[in-house]
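# Fold and contact review
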Amino acid sequence: MNRILEEKIVKVFLFITAITAVFSVLLIGVFVFMEGMPIFLKYGITDVLFGPVWNPSSGVYGIWPMIVGTIYVTLIAILIGAPMGLGVAVYLVEIANKRIAKLIVPAVELLAGIPSVVYGLFGMFAVRSIIAELERGPLADYLPSNYQTGYSVLTAGIILAIMILPTIINISLDALKAVPREYKEGSLALGVSHWQTIYKVLVPAAKSGIITAIILGVGRALGETMAVIMVIGNTPLVPVLDWTGLFAPARSLTANIALEMGYAGPEHQQALFATGIVLFVFIIVLNSLTTLLVRRKGRK
Amino acid sequence: MKRLVGKKLYSGAVLTVMAFALVLTGCGGGNNGGNNGQGATNAPTNAATNAPTEAATQAPEPSVSGTVTLAGSTSVQPLAEELGTSYMEVNKDARIEVAGGGSGAGVKAAQSGTADVGMASRALKSEETGIKPVVIAIDGIAVVVNKDNAAADLTTEQVKEIFSGKIKNWKDVGGSDSNIVVVNREDGSGTRDAFKELVLGEDEFVAEAIIQNSTGAVREAVGQDVNAIGYISFGGLNDSVKAVKINGVEASEENIKSHSYPISRPFNFLVNESSDPTAITQAFIDYVLSPEGQAVVADHGYVTVE
């Protein structure tokens, strides 16, 4: 009798904790949408989403520069971070001996534990000045003057690439470890070299796990705020769409909210919540993608 | 902030219901707490005026109770809220309610009497009559460049053209041949609004500027980049950056007080001329102008008034 009661209490308690999580997401979602929707209704969805000018003091709320900025920075972060992370994971699983692995694994864990302000400081002092040297030196003739500040999507992309490394390394490491031994043994037995086995057999076999790793990395890069604010320059302009755009100062969605929330008037605040809605949609799409991929993997 | 005032309001109501004795002891305690000396910066003023003012203000204070409503400039608002909070610590019977609205609204509120005190972050215009301004603080903005930058003296016109994007190279204003990196504050910042009003006027800020969202971040950005220029409020100045002279006038407190440094504006409390202010309103204004009140002013990076 007593034990049944205990079971019940524990069940109810766990149910409450579970429902709290769902409830929180709903609450935050509804709140952000309710606060941000009026701006879309007042100025028109396309004008807000695709408007190229963000100038709240004149009542112009175009989020487009921030959308482009966010996508641009995230793309750079993934293009640098994903191959690096995958490389580290393959090295750890296939090549590194135990001694070296014992050095690398804690280092990666430490990387995950560094607060983002510290990444930001490092970016502002070290990476930014190197990029500025580059922009004002060899590239000075090709770049417009406002692209020679050191604050750029590239600077932010590099910092984010380092920040997402732990996510990508850890998850693709698990995926690679989960590949059955027989695959590798079979491949090697057929006379295929180690390197070829890695990129023809192991990596393809772990593909869905690696893609999940990359998507989670994208999620981390999208949501990062502090470090990005410190190195991206926060200029609300759309970067030019050729290679010089790499050196353009830009602004991300998260930075937009964090920068201006402090002093925002009522309508300005709604526009910042509208920025939040866009970010929310980005994250929902990403999560759905992950779920889809994980499900597909399960079916195989 | 609003919520905090709300709490104070509630506890204030509870207090009034309670016995006088409690109220009196509350006052005594608060007075001691409010006077934790702002040592270095205020030493001269304190030494000169501390003793007489305390003797004069301390005795009548417990008897003054009531509410003071303030409305107007959103630039003055944060400082007024801080002054209100520190005054309510000293005088537990007082309630200071601060609302925004802008300098224009502050003038109207004081004229019509909808607020006890109006707030304006500018001097009064000649057509704004029937009210008396009391300068409670001066907001000075320094234009800062890197310490290694050769440019050290700019005119207001040059500053305006740099921040509106018309001058793009340091060689045009006495520096080396390199591009100017303009560091601006985020939209909505009070310092940005003030700088725009005082320097740019009708012109718009250059859109390509780097944006940093705090005094510290602007200072950091300028301190690190030899080509950068930014502006910060006086309280934020330190060794990591160099404040340039404007029209040949050095950015210093004395020059602000003597009105020779151009990028500054008064923070005014406005009171109606036709009717005498209530006792509590007068007590609050006296507190703001006292060494304790001015210590709060200095704490928040504004220039004090004598």
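Residues numbered from 1 in each chain as written. Chains lettered and ligands numbered in written order. Predicted model: local features only at pLDDT ≥ 70, side-chain atom pairs only at ≥ 80, totals over all residues. Heavy atoms only, no water.

### Considerations on the overall build of chain B
We count it as follows: Numbering of helices and strands runs from the N terminus, with a helix taken as a DSSP run of H or I at least four residues long and a strand as a DSSP run of E at least two residues long. We call a residue buried when its accessible area falls under 20% of the maximum for its residue type, exposed when it is over 50%, and partly exposed in between, using a 1.4 Å probe and counting protein chains only. Any two residues whose heavy atoms approach within 4.5 Å at even a single point are treated as in contact. Calculation of accessible area relied on Shrake-Rupley with a 1.4 Å probe; when residues are assessed, cover is drawn exclusively from the protein chains displayed.
Along chain B, the regular secondary structure elements total 11 helices and 11 strands. Across the 306 residues that make up chain B, the buried fraction comes to 49%. A sequence separation of at least 24 residues applies to 75% of the contacts in chain B between residues at least 6 apart. Carbon and sulfur atoms provide 53% of the accessible area of chain B, an area that totals close to 13,500 Å².

### Points about the UniProt feature "transmembrane region" (unreviewed entry) in chain A
All names here are of chain A. Going by this rule: UniProt positions are given in the numbering used here, feature names are shortened, and annotations may be inferred rather than shown by experiment.
Per the UniProt record, "transmembrane region" (unreviewed entry) is annotated on residues 12-34, 63-92, 104-131, 151-173, 210-233 and 271-294. Here residues 210-233 is 88% helix and 0% strand, with 32 Å between the C-alpha atoms at its ends. Between the end C-alpha atoms of residues 271-294 there is a gap of 35 Å, over a span that is 100% helix and 0% strand.

### What about the interface of chain B and chain A?
This is how the line gets drawn: Here the buried area means the combined drop in accessible surface, using a 1.4 Å probe, for two parts upon being joined, counting both sides. Salt bridge criterion: a side-chain nitrogen from Lys or Arg within 4 Å of a carboxyl oxygen from Asp or Glu. We call two N or O atoms a polar contact when they sit within 3.5 Å, provided that within protein one can donate a hydrogen and the other can accept it, with sequence-adjacent residues counted only if both atoms are side-chain atoms.
Opposite the 22 residues of chain B that make contact, chain A presents 25 residues. Roughly 2,000 Å² of surface becomes buried between chain B and chain A when both sides are summed, with 50% attributable to carbon and sulfur atoms. Here chain B and chain A share 2 salt bridges between them. The salt bridge partner of B:Asp225 is A:Arg136, with a shortest N-O separation of 2.7 Å. At the junction of chain B and chain A, the tally comes to 7 residue pairs in polar contact (both at pLDDT 80 or more). Broken down by secondary-structure element, the contributors of at least two residues to the side of chain B that touches chain A are strand 6 (181-185), strand 7 (210-212) and helix 8 (215-224) of chain B.

### Topic: unusual backbone geometry
Residues and elements named next belong to chain B. Phi angles above zero are rare outside glycine, and Asn247 is one such case at about 50°. Within the chain, His259 stands out as a residue other than glycine whose phi angle is a positive 65°. With respect to the helices and strands, the residue His259 is situated in the loop between helix 9 (253-257) and strand 11 (264-272).

### Describing helix 5 (residues 103-112) of chain B
Residue and element names in this part refer to chain B. To be explicit about the condition: Note that the arc is defined by the directions from the helix axis to the C-beta atoms.
Every buried residue of helix 5 is accounted for by Ser103, Gly106, Val107, Ala109 and Ala110. Angular distribution of buried residues about the axis of helix 5 spans 165°; they occupy a single face of the element. In this structure, helix 5 carries Lys108 and Ser112 as exposed residues pointing more than 90 degrees from its buried face. Looking at the buried side of helix 5, the elements it contacts are strand 1 (66-72), strand 3 (117-120), strand 4 (131-145) and strand 11. Positive backbone phi, approximately 80°, marks Gly113, located one or two places after helix 5.

### Observations regarding the UniProt feature "domain: ABC transmembrane type-1" (unreviewed entry) in chain A
Taking the numbering used here, the UniProt-annotated feature "domain: ABC transmembrane type-1" (unreviewed entry) corresponds to residues 67-290 of chain A. In residues 67-290 of chain A, the share of helix is 75% and the share of strand is 0%. The end C-alpha atoms are 21 Å apart.

### Looking at the nonpolar core
Inclusion rule: Here the nonpolar core consists of buried residues drawn from Ala, Val, Leu, Ile, Met, Phe, Trp, Tyr and Cys, with membership extended through side-chain atoms lying within 4.5 Å.
Within the largest apolar cluster, 80 residues are counted, with the highest numbers of intra-cluster contacts made by B:Ile162, B:Phe163, B:Phe195, B:Ile229 and B:Tyr261. Sorting elements by how many residues they give to this core places helix 6 (residues 153-177) of chain A first, with 8 residues. Contacts of B:Phe195, omitting those with residues within four sequence positions, involve B:Ile141, B:Val143, B:Val159, B:Phe163, B:Leu200, B:Phe205, B:Tyr231 and B:Ile263.

### Observations concerning the packing of helix 6 of chain A against helix 9 (residues 207-223) of chain A
For any two helices packed against each other, the geometry comes down to the angle between their axes and how far apart the axes lie. Residue and element names in this part refer to chain A. Our working rule: As a rule, the C-alpha atoms of each element are fitted with a line to give its axis, helices using only the stretch in contact, and angles between N-to-C directions run from 0 to 180 degrees. Any angle from 65 to 115 degrees is called roughly perpendicular, while one under 35 is roughly parallel, one over 145 is roughly antiparallel, and all others are oblique. Each crossing gets its handedness from the near helix: less than a right angle anticlockwise from the far helix is left-handed, clockwise is right-handed. When residue character is reported, Ala, Val, Leu, Ile, Met, Phe, Trp, Tyr, Cys and Pro are called nonpolar, Asp, Glu, Lys and Arg charged, and the others, Gly included, polar.
Relative to each other, helix 6 and helix 9 sit at 155°, their axes nearing to 8 Å. Here helix 6 is positioned roughly antiparallel relative to helix 9, judged by the angle of their axes. Two packed elements cross with a definite hand, and for helix 6 against helix 9 that hand is right-handed. Residues Leu160, Met163, Ile164, Thr167, Ile168, Ile171, Ser172 and Ala175 of helix 6 form the contact with helix 9, whose participating residues are Gly209, Ile210, Ala213, Leu216, Gly217, Arg220 and Ala221. Classifying every residue of the contact of helix 6 with helix 9 gives 10 nonpolar, 4 polar and 1 charged.

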